[in-house]
Amino acid sequence: MKRFSRVIVAALALVLCFALCACGNKKYASRYSSSMMVKKSTTNKESISFGTFSGVYVMEFKNTSDEVRITYNATLEKGNIKVYFDYNDEKSDLFEIGTDGSVEGKTEAFKSNQTIYVIIESDGKCTGGSFSVALEKA
């Protein structure tokens with residue numbers, strides 16, 4: 001009986017170890033607090049809008065094209081937000097938006113057949129924002 005208990009404890013410890021290791025394979029993680037956040041997502045487009053937002057929100061796109069570009073538009077009533085994108089392990093500035101700001105644009109075409117991340121980082125509490133990001137074939 002004592003041996004059986006040890007085997008069960010060892011098995012549970014192994015399962016716990018594998019479960020914890022499997023959770024850490026994402027490159028970026030969202031960590032934020034918000035109110036009235038609405039998210040819409042398809043394969044190549046994601047948008048969010050919020051009443052209040054503070055923290056980091058990560059959009060992840062699985063790219064299957066050789067050459068793509070990122071198109072974006074955003075509005076913000078109050079606060080400051082920086083937006084970055086990462087492909088091929090190269091994190092680059094996408095745009096920055098401040099109080100009563102609006103922005104739209106697109107990147108130059110680039111080659112990537114890997115996961116593309118768009119990272120939205122607030123500088124404190126922000127209110128009344130909306131962000132839309134799409135991946136398009138170039």
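Look a little higher up for the structure.
All values reported here derive from a predicted model rather than from experimental measurement.

Colleague: Can you walk me through the pattern of salt bridges in this structure?
Modeller: Opposite charge on two side chains permits pairing when their charged atoms draw close. Considering all chains together, one arrives at four salt bridges under this definition. Residue Lys-27 pairs with Asp-89 through a salt bridge whose shortest N-O separation is 2.5 Å. Placement of the pair is Lys-27 in the loop between helix H1 (2-22) and strand S1 (31-35) and Asp-89 in the loop between strand S5 (81-87) and strand S6 (90-97), with a sequence separation of 62 residues. Since its relative accessible area comes to 37%, Lys-27 is described here as partly exposed. The salt bridge partner of Glu-121 is Lys-91, with a shortest N-O separation of 3.8 Å. Highlighted residues: Glu-121 in strand S9 (residues 115-122) and Lys-91 in strand S6, separated in sequence by 30 residues. Several salt bridges converge on common partners, so that one network encompasses Lys-27, Asp-86 and Asp-89.

Colleague: Help me understand the environment of Lys-40, please; the structure alone is not making it clear to me.
Modeller: Locating Lys-40 in the fold gives a position in strand S2 (residues 38-41). Under the relative-accessibility criterion, Lys-40 is labelled exposed at 56%. For the pair Lys-40 and Ser-132, spaced 92 residues apart in the sequence, the C-alpha separation amounts to 9.1 Å. Not counting residues up to four positions away in its chain, the partners in contact with Lys-40 are Lys-45, Glu-46 and Ser-47.

Colleague: Would you mind showing me how to read the side chain of Thr-107 here?
Modeller: You can see Thr-107 is positioned in the loop between strand S7 (101-106) and strand S8 (110-111). The buried category is assigned to Thr-107, whose relative accessible area is 13%. With near-sequence residues (within four places) excluded, Thr-107 lies in contact with Arg-69, Ile-70, Phe-85 and Leu-94.

Colleague: Help me understand the nonpolar core, please; the structure alone is not making it clear to me.
Modeller: One finds Phe-50, Ile-70, Ile-81 and Phe-131 to be the most contacted residues of the largest nonpolar core, which totals 27 residues. For this core, the secondary-structure elements that each account for two or more residues are strand S3 (45-62), strand S4 (67-78), S5, S6, S9 and strand S10 (126-137). Looking at this core element by element, the count peaks at six residues for S3. Each residue touching Ile-70, except ones within four places of it in the same chain, is listed here: Phe-85, Leu-94, Gly-105, Lys-106, Thr-107, Phe-110, Ile-116, Val-133, Ala-134 and Leu-135.

Colleague: I tried to follow the side chain of Asn-63 on my own but got confused; where do I start?
Modeller: Tracing the sequence through the fold places Asn-63 in the loop between S3 and S4. With a relative accessible area of 8%, Asn-63 lands in the buried category. Once residues within four sequence positions are removed from consideration, Asn-63 is found in contact with Val-68, Ser-112, Asn-113, Gln-114, Ile-116 and Leu-135.

What counts and what doesn't
One numbering rule holds for all chains: residues counted from 1, following each sequence as written. The model is predicted, so local features are restricted to residues of pLDDT at least 70 and side-chain atom pairs to those at 80 or more, both for listing and for counting; the totals for chains, interfaces and linings are taken over all residues. For the side-chain quantities, the full set of heavy atoms in the structure was used; hydrogens and water were omitted. Salt-bridge detection follows one rule: a side-chain nitrogen of Lys or Arg within 4 Å of a carboxyl oxygen of Asp or Glu. Comment: elements are numbered from the N terminus, with helices defined as DSSP H or I runs of at least four residues and strands as E runs of at least two. Note on classification: 1.4 Å probe, protein chains only; a residue is buried when its accessible area is under 20% of the maximum for its type, exposed when over 50%, partly exposed between these limits. Any two residues whose heavy atoms approach within 4.5 Å are treated as being in contact. We call a set of buried Ala, Val, Leu, Ile, Met, Phe, Trp, Tyr and Cys residues a nonpolar core when their side-chain atoms join them within 4.5 Å.

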